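Read off the chains here:
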Amino acid sequence: MDDRTLRLRQKYRQFRVLVMGRANAGKTTVLQKVCNTTDQPKIYNSKREEIDLSALAPSRERGEHNIENEMIFEANPGYIFHDSRGFECGSTSEFKIVQDFIEQRGMRRSSSEQLHAIWYCLPTDNASRLLTGAEARFFQECDPGAVPVIAIYTKFDDFVLQT
Ligand SMILES: Nc1nc2c(ncn2[C@@H]2O[C@H](COP(=O)(O)OP(=O)(O)O)[C@@H](O)[C@H]2O)c(=O)[nH]1
Ligand SMILES: [Mg+2]
(Lines give C-alpha, C1' and ligand atoms only; values in the text may rest on other atoms or scores of the structure.)
(Ligands and ions follow the chains in the order given, each with its own letter.)
Protein backbone atom coordinates (compact mmCIF):
# COMPACT_ATOMS: atom_id res chain seq x y z
CA MET A 1 0.00 0.00 0.00
CA ASP A 2 1.29 3.49 -0.76
CA ASP A 3 1.35 6.32 1.80
CA ARG A 4 -1.95 7.80 0.73
CA THR A 5 -3.74 4.48 0.98
CA LEU A 6 -2.29 3.91 4.43
CA ARG A 7 -3.40 7.35 5.59
CA LEU A 8 -6.90 6.80 4.28
CA ARG A 9 -7.05 3.38 5.92
CA GLN A 10 -6.08 4.94 9.24
CA LYS A 11 -8.58 7.76 8.97
CA TYR A 12 -11.50 5.65 7.79
CA ARG A 13 -11.70 2.75 10.20
CA GLN A 14 -15.23 1.90 9.19
CA PHE A 15 -16.97 2.27 5.87
CA ARG A 16 -20.59 3.39 6.10
CA VAL A 17 -22.94 2.29 3.32
CA LEU A 18 -26.64 2.92 2.72
CA VAL A 19 -28.09 -0.15 1.04
CA MET A 20 -31.14 0.36 -1.10
CA GLY A 21 -33.40 -1.87 -3.16
CA ARG A 22 -36.80 -3.48 -2.88
CA ALA A 23 -37.52 -6.60 -0.81
CA ASN A 24 -35.93 -9.68 -2.40
CA ALA A 25 -33.55 -7.62 -4.55
CA GLY A 26 -30.65 -9.61 -3.10
CA LYS A 27 -29.36 -6.97 -0.67
CA THR A 28 -28.60 -9.26 2.27
CA THR A 29 -26.94 -11.77 -0.07
CA VAL A 30 -24.59 -9.13 -1.50
CA LEU A 31 -23.65 -7.87 1.96
CA GLN A 32 -22.98 -11.41 3.17
CA LYS A 33 -20.71 -12.03 0.16
CA VAL A 34 -18.83 -8.78 0.72
CA CYS A 35 -18.33 -9.66 4.39
CA ASN A 36 -17.54 -13.28 3.57
CA THR A 37 -20.17 -14.79 5.85
CA THR A 38 -23.50 -16.60 5.80
CA ASP A 39 -24.54 -15.17 9.16
CA GLN A 40 -27.18 -12.55 9.69
CA PRO A 41 -25.93 -9.11 10.75
CA LYS A 42 -26.31 -7.70 14.23
CA ILE A 43 -28.46 -4.61 14.39
CA TYR A 44 -27.80 -1.63 16.62
CA ASN A 45 -29.84 1.49 17.25
CA SER A 46 -28.28 4.94 17.10
CA LYS A 47 -27.22 4.60 20.75
CA ARG A 48 -25.26 1.50 19.77
CA GLU A 49 -27.60 -0.81 21.71
CA GLU A 50 -28.17 -4.14 20.05
CA ILE A 51 -31.71 -4.76 18.82
CA ASP A 52 -32.91 -8.32 19.32
CA LEU A 53 -35.02 -9.00 16.22
CA SER A 54 -36.07 -12.43 17.42
CA ALA A 55 -37.85 -10.75 20.32
CA LEU A 56 -39.96 -8.65 17.98
CA ALA A 57 -43.11 -9.83 16.21
CA PRO A 58 -42.84 -9.41 12.40
CA SER A 59 -45.35 -6.57 12.26
CA ARG A 60 -43.60 -4.85 15.13
CA GLU A 61 -40.25 -5.32 13.45
CA ARG A 62 -41.41 -3.36 10.44
CA GLY A 63 -42.66 -0.58 12.66
CA GLU A 64 -39.40 -0.56 14.58
CA HIS A 65 -37.42 -0.24 11.40
CA ASN A 66 -35.30 2.84 11.33
CA ILE A 67 -32.85 3.94 8.65
CA GLU A 68 -30.52 5.12 11.46
CA ASN A 69 -30.08 1.53 12.70
CA GLU A 70 -26.66 0.05 11.97
CA MET A 71 -26.19 -3.46 10.59
CA ILE A 72 -22.82 -5.00 11.28
CA PHE A 73 -21.63 -8.50 10.36
CA GLU A 74 -19.38 -9.98 13.01
CA ALA A 75 -17.18 -11.45 10.26
CA ASN A 76 -16.30 -7.96 8.95
CA PRO A 77 -16.94 -5.07 11.34
CA GLY A 78 -15.21 -2.71 8.90
CA TYR A 79 -18.57 -2.09 7.24
CA ILE A 80 -21.59 -0.37 8.77
CA PHE A 81 -24.71 -0.84 6.69
CA HIS A 82 -27.93 1.14 6.79
CA ASP A 83 -31.02 -0.36 5.23
CA SER A 84 -33.63 1.85 3.62
CA ARG A 85 -36.35 -0.81 3.81
CA GLY A 86 -39.79 0.70 3.34
CA PHE A 87 -38.61 2.96 0.56
CA GLU A 88 -40.03 0.59 -2.03
CA CYS A 89 -43.61 1.65 -1.42
CA GLY A 90 -42.64 4.95 -3.00
CA SER A 91 -44.53 7.24 -0.65
CA THR A 92 -43.38 10.84 -0.36
CA SER A 93 -42.67 10.51 3.37
CA GLU A 94 -40.42 7.48 2.82
CA PHE A 95 -38.61 9.29 0.02
CA LYS A 96 -38.02 12.24 2.33
CA ILE A 97 -36.62 10.02 5.11
CA VAL A 98 -34.05 8.63 2.67
CA GLN A 99 -33.25 12.02 1.15
CA ASP A 100 -32.83 13.61 4.61
CA PHE A 101 -30.63 10.76 5.81
CA ILE A 102 -28.32 11.09 2.80
CA GLU A 103 -28.17 14.86 3.18
CA GLN A 104 -27.49 14.79 6.94
CA ARG A 105 -24.96 12.00 6.82
CA GLY A 106 -23.27 13.35 3.71
CA MET A 107 -22.55 16.61 5.52
CA ARG A 108 -21.05 15.11 8.69
CA ARG A 109 -17.49 16.29 9.22
CA SER A 110 -16.51 13.32 11.37
CA SER A 111 -15.38 10.53 9.06
CA SER A 112 -16.84 7.91 11.39
CA GLU A 113 -20.34 9.37 11.02
CA GLN A 114 -20.16 10.19 7.34
CA LEU A 115 -22.04 8.21 4.74
CA HIS A 116 -19.44 6.97 2.26
CA ALA A 117 -21.48 5.27 -0.42
CA ILE A 118 -24.95 4.22 -1.50
CA TRP A 119 -25.31 0.75 -2.96
CA TYR A 120 -28.50 0.39 -4.96
CA CYS A 121 -29.45 -3.24 -5.71
CA LEU A 122 -31.48 -3.76 -8.88
CA PRO A 123 -32.63 -7.32 -9.60
CA THR A 124 -32.31 -8.34 -13.24
CA ASP A 125 -34.20 -11.65 -13.12
CA ASN A 126 -37.22 -11.98 -15.36
CA ALA A 127 -39.69 -11.98 -12.50
CA SER A 128 -38.77 -8.41 -11.61
CA ARG A 129 -39.24 -5.08 -13.30
CA LEU A 130 -35.86 -3.45 -13.77
CA LEU A 131 -37.04 -0.14 -12.27
CA THR A 132 -40.09 0.41 -10.10
CA GLY A 133 -41.69 3.84 -9.82
CA ALA A 134 -39.96 4.52 -6.50
CA GLU A 135 -36.58 3.60 -7.97
CA ALA A 136 -37.02 5.74 -11.07
CA ARG A 137 -37.95 8.60 -8.77
CA PHE A 138 -34.87 8.07 -6.64
CA PHE A 139 -32.55 8.23 -9.64
CA GLN A 140 -34.35 11.26 -11.08
CA GLU A 141 -34.94 13.31 -7.95
CA CYS A 142 -32.62 12.31 -5.16
CA ASP A 143 -29.58 14.52 -4.75
CA PRO A 144 -26.87 12.45 -3.08
CA GLY A 145 -24.46 15.40 -2.94
CA ALA A 146 -20.93 14.09 -2.71
CA VAL A 147 -21.97 10.53 -1.83
CA PRO A 148 -21.43 8.15 -4.74
CA VAL A 149 -24.37 5.98 -5.80
CA ILE A 150 -23.31 2.57 -7.02
CA ALA A 151 -25.84 0.48 -8.91
CA ILE A 152 -25.49 -3.24 -8.28
CA TYR A 153 -27.30 -5.50 -10.72
CA THR A 154 -28.28 -8.65 -8.85
CA LYS A 155 -29.56 -12.10 -9.81
CA PHE A 156 -27.74 -11.90 -13.13
CA ASP A 157 -27.43 -15.70 -13.24
CA ASP A 158 -31.22 -15.87 -13.35
CA PHE A 159 -31.32 -13.28 -16.13
CA VAL A 160 -28.86 -15.34 -18.18
CA LEU A 161 -30.86 -18.50 -17.56
CA GLN A 162 -34.13 -16.91 -18.64
CA THR A 163 -32.80 -15.34 -21.82
N1 LIG B 1 -30.45 -16.88 -8.42
C2 LIG B 1 -30.06 -15.95 -7.56
N3 LIG B 1 -30.75 -15.79 -6.42
C4 LIG B 1 -30.34 -14.83 -5.57
C5 LIG B 1 -29.22 -14.00 -5.84
N6 LIG B 1 -29.08 -13.13 -4.80
C7 LIG B 1 -30.06 -13.42 -3.93
N8 LIG B 1 -30.82 -14.44 -4.37
C9 LIG B 1 -31.99 -15.04 -3.68
O10 LIG B 1 -33.05 -14.08 -3.63
C11 LIG B 1 -33.74 -14.14 -2.38
C12 LIG B 1 -33.73 -12.79 -1.72
O13 LIG B 1 -32.40 -12.46 -1.38
P14 LIG B 1 -32.04 -11.50 -0.16
O15 LIG B 1 -30.58 -11.30 -0.18
O16 LIG B 1 -32.65 -11.99 1.09
O17 LIG B 1 -32.80 -10.16 -0.61
P18 LIG B 1 -33.17 -8.83 0.24
O19 LIG B 1 -34.61 -8.93 0.62
O20 LIG B 1 -32.95 -7.70 -0.74
O21 LIG B 1 -32.24 -8.77 1.42
C22 LIG B 1 -33.06 -15.23 -1.58
O23 LIG B 1 -33.80 -16.41 -1.73
C24 LIG B 1 -31.68 -15.34 -2.22
O25 LIG B 1 -31.14 -16.63 -2.07
C26 LIG B 1 -28.50 -14.21 -7.08
O27 LIG B 1 -27.52 -13.53 -7.41
N28 LIG B 1 -28.98 -15.19 -7.88
MG1 LIG C 1 -32.60 -8.54 3.48
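Here's a quick rundown of the structure. Predicted model, so just to flag it, every value in this text is computed and none were measured. (Residues numbered from 1 in each chain as written. Chains lettered and ligands numbered in written order. Predicted model: local features only at pLDDT ≥ 70, side-chain atom pairs only at ≥ 80, totals over all residues. Heavy atoms only, no water.)

**Quick look at the packing of aromatic side chains**
Scanning the model with the defined rule gives nine aromatic pairs in all. The rings of Phe15, Phe73, Tyr79, Phe81 and Trp119 are connected pair by pair, giving a single aromatic cluster. When the ring centre of phenylalanine 95 is taken as origin, the NZ or CZ atom of arginine 137, which lies over that ring, is 4.2 Å away. (Phe/Tyr/Trp six-rings, centres within 6.5 Å; stacked < 30°, edge-to-face > 60°. Lys NZ or Arg CZ within 6 Å of the ring centre and 35° of its normal.)

**Quick word on unusual backbone geometry**
Phi is positive for asparagine 24, which is not a glycine, with a value near 80°. Structurally, asparagine 24 can be placed in the loop between β1 (15-20) and α2 (27-34). Of the residues examined, asparagine 24 reaches a relative accessible area of 66% and is grouped as exposed. Phi at asparagine 36 is positive, roughly 55°, even though this residue is not glycine. Counting through the fold element by element, asparagine 36 comes out in the loop between α2 and β2 (42-44). Judged by relative accessible area, which is 68%, asparagine 36 ranks as exposed. (Helix = DSSP H or I, 4+ residues; strand = E, 2+ residues; numbered from the N terminus. Buried < 20%, exposed > 50% of the residue type's maximum accessible area, 1.4 Å probe, protein only.)

**Structural notes on the side chain of arginine 105**
Tracing the backbone through its elements, the reader meets arginine 105 in helix α4 (residues 92-107). Assessed through its relative accessible area of 7%, arginine 105 is described here as buried. A distance of 3.0 Å separates a polar atom in the side chain of arginine 105 from a polar atom in the side chain of glutamate 68. Non-local contacts of arginine 105, meaning those with residues more than four positions away in its chain, are made with Arg16, Glu68, His82, Glu113, Gln114 and Leu115. (Polar contact = N/O pair within 3.5 Å; in protein donor to acceptor, adjacent residues only side chain to side chain. Contact = heavy atoms within 4.5 Å.)

**Here we look at a nonpolar patch on the surface**
Taken together, the side chains of Leu130, Leu131, Phe139, Val149 and Tyr153 make up a nonpolar region of the molecular surface, amounting to roughly 450 Å² of accessible area. Checked against the element boundaries, valine 149 lands in strand β7 (residues 149-154). (Patch = residues over 30% accessible without salt bridge, like charges linked within 9 Å, V, L, I, M, F, W, Y side chains within 5 Å. Areas by Shrake-Rupley, 256 points an atom, 1.4 Å probe, with all protein chains shown as cover. Salt bridge = Lys/Arg side-chain N within 4 Å of Asp/Glu carboxyl O.)

**Focus on the packing of α4 against helix α5 (residues 133-141)**
Contact pair α4 / α5: the axes reach a minimum separation of 12 Å and the direction vectors enclose 40°. Overall, the two elements α4 and α5 adopt an arrangement that is oblique. The element α4 and its partner α5 pack so that their crossing is right-handed. Between α4, through Thr92, Phe95, Val98, Gln99 and Ile102, and α5, the contact on the second element is made entirely by Arg137, Phe138 and Glu141. Of the residues that constitute the contact of α4 with α5, the class distribution is four nonpolar, two polar and two charged. (Axes fitted to C-alpha atoms, helices over the stretch in contact; angles between N-to-C directions. Parallel < 35°, antiparallel > 145°, perpendicular 65-115°, else oblique. Left-handed = near helix turned anticlockwise from the far one by under 90°. Nonpolar A, V, L, I, M, F, W, Y, C, P; charged D, E, K, R; others polar.)

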